[in-house]
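One letter stands for each residue in the lines below.
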Amino acid sequence: MPRTSSRITFTVLATGAGVFSMLQSLIAPALPTVQHALHTSQSTATWVMTAYLLSASVFTPILGRVGDLIGKKRTLVAVLLAVLAGCLVAALAPSIGVLVVARVVQGVGGALFPLSFGIIRDEFAASEVAGSISNLSAVIAAGGGVGMVAAGPIVSALDYRWLFWIPVAVVAATVLIALRYVPESPNRAQGKVGWLGAGLLSAWLVALLLPLSQAGQWGWGSGKVLGLFAAAVVLFALWLATEARSRTPLIDLRVMRLPAVWTTNAAALLFGAGMYAIWSFLPGFVQTPAVAGYGFGASVTESGLLMLPMLVAMFLSGVLSGRLEPRVGAKALLTTGAALGALACGFLTLWHDARWQIGVVAGLFGLGIGLAFASMAHLIVGSVPPGQTGAATGMNANIRTIGGSIGAALTSVLVTGRLQPSGLPYASGYTHGWALLALLCLAAAGAALLVPVRRGGVVVGPVLEEVTRAPARVR
């Protein structure tokens with residue numbers, strides 16, 4: 001591919017993936033505004049986040065596999081059109097019900113991650129792949145930070161609907177450029193979509209993530225929560241049995257068992273728990289009035305600015321990882337990223353009385369996110385056959401999301417389990433939460449150390465002959 005063409009293709013991929021990542025966090029600070037504007041309750045307003053999470057979890061691995069089978073460009077354009085439609089409906093939504101439906105449609109964009117990694121692997125020159133994966137991972141990581149930082153100023157200066165109008169314009173332009181410049185990948189997987197496996201995958205993901213996201217309102221011991229968890233276990237077992245017997249599984253379990261894949265996914269689960277919980281609870285901590293004995297009474301805009309060091313650090317470390325990966329290896333970067341997350345949460349547990357301390361924590365965690373995102377992508381892409389790139393990277397993103405839901409749910413129990421007479425959490429709830437997140441990130445670093453390595457620092461997974469004819473490498 002000519003150099004100019006690869007640059008345009010990367011710009012399209014980065015824009016689409018970055019917008020989706022931004023949409024994950026952009027609406028969270030504006031939920032109280034949405035609740036008031038659409039005359040709904042707080043519990044109903046949270047479905048704006050929950051619907052997006054569930055939709056992305058279902059569509060990410062399924063459409064990643066569809067892209068492997070029918071063509072990644074074709075699927076990429078369809079997904080971008082779905083995100084465009086979802087943002088347009090959300091910007092015009094007259095009620096909370098319509099907004100929730102729009103968020104479900106936006107969640108289809110989760111497939112942009114695996115499709116983008118697959119296009120890079122298929123289309124870019126070998127010398128460009130490592131750097132492009134790192135740069136794209138940096139954009140994906142930074143997108144969530146952009147959402148946290150930009151939400152306050154956009155809502156204050158314009159209106160919460162502009163949180164969707166702006167992506168409408170960006171995605172519309174991206175679709176036109178993608179149609180013109182992004183080439184169709186020649187690599188196609190054999191077989192077809194196993195719809196029974198896809199349905200069971202969707203069912204157990206919803207049964208697991210729904211109670212995790214709603215347990216704070218329903219109660220951990222409620223029949224709905226316990227029943228859904230039990231259903232998730234049963235559906236997961238049925239899905240495993242179905243995929244193991246299928247000639248064309250949606251997720252090839254032999255690939256998932258490769259040492260470099262399962263260890264990376266384990267690290268993704270644990271690190272995702274820490275990352276999403278920090279994103280969810282650190283802004284609330286700094287917005288708490290000082291009369292609670294902690295916090296700074298920051299506005300939404302001010303709390304976003306305190307997250308700015310995280311945004312900058314995520315992007316810089318993600319880009320830097322592309323330069324470091326050939327020298328030190330993806331395993332070392334993943335281990336370092338998780339360890340930096342643990343260090344940041346440990347620091348936050350002990351020191352959180354000044355704004356500069358929050359800034360330092362945000363920057364440290366941002367460095368860890370950038371390194372971890374890029375290295376996980378390298379490990380998965382380099383360890384699976386080309387025909388499994390979309391499904392495998394989609395599943396890795398899903399596992400990170402599942403970890404995030406678990407981490408946010410556990411932190412919520414600690415933070416909101418005991419409240420002051422004013423209704424605000426005690427400082428100890430937050431400090432116990434930060435300590436838990438430090439342990440989860442430390443466990444992620446331990447999982448990263450299990451990633452197999454051979455001489456020269458090259459991380460490898462023994463791809464079996466029946467999985468692929470040419471074993472892949474991950475540097």
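Residues numbered from 1 in each chain as written. Predicted model: local features only at pLDDT ≥ 70, side-chain atom pairs only at ≥ 80, totals over all residues. Heavy atoms only, no water.

A. Representation of the packing of aromatic side chains. Under the criterion given, the structure shown has 13 aromatic pairs. Between the aromatic rings of Phe-20 and Phe-113, the centroid separation amounts to 5.4 Å while the plane-to-plane angle is 80 degrees, which identifies the pairing as edge-to-face. In this pair, Phe-20 sits in helix 1 (residues 3-26) while Phe-113 sits in helix 7 (residues 112-123), placing the two residues 93 residues apart along the sequence. Each member of the pair, Phe-20 together with Phe-113, is buried. On the basis of an interplanar angle of 25 degrees and a centroid distance of 5.9 Å, the ring pair of Phe-271 and Phe-365 is categorised as stacked. Of this pair, Phe-271 sits in helix 13 (residues 259-287) while Phe-365 sits in helix 17 (residues 355-381); the two residues are 94 residues apart in sequence, bridging distant segments of the chain. Phe-365 carries the same exposure label as Phe-271, and that label is buried. Three or more aromatic residues joined by ring pairs form one cluster here, namely Phe-285, Tyr-294, Tyr-430 and Trp-434. Over the aromatic face of Tyr-181 sits the side chain of Arg-180, whose NZ or CZ is 4.9 Å from the ring centroid. Above the face of the Tyr-426 ring, Arg-418 is positioned so that its terminal group lies 4.3 Å from the ring centre. (Phe/Tyr/Trp six-rings, centres within 6.5 Å; stacked < 30°, edge-to-face > 60°. Helix = DSSP H or I, 4+ residues; strand = E, 2+ residues; numbered from the N terminus. Buried < 20%, exposed > 50% of the residue type's maximum accessible area, 1.4 Å probe, protein only. Lys NZ or Arg CZ within 6 Å of the ring centre and 35° of its normal.)

B. Summary view of the state of the cysteines. Following the criterion strictly, the structure yields 0 disulfides and no others. Here Cys-345 stays unpaired: no disulfide links it, and the sulfur of Cys-441, its closest cysteine neighbor, is 4.7 Å away. On the accessibility criterion, Cys-345 (0% relative accessible area) is buried. Residue Cys-441 is classed as buried on the basis of its relative accessible area, which comes to 0%. (Disulfide = S-S within 2.5 Å.)

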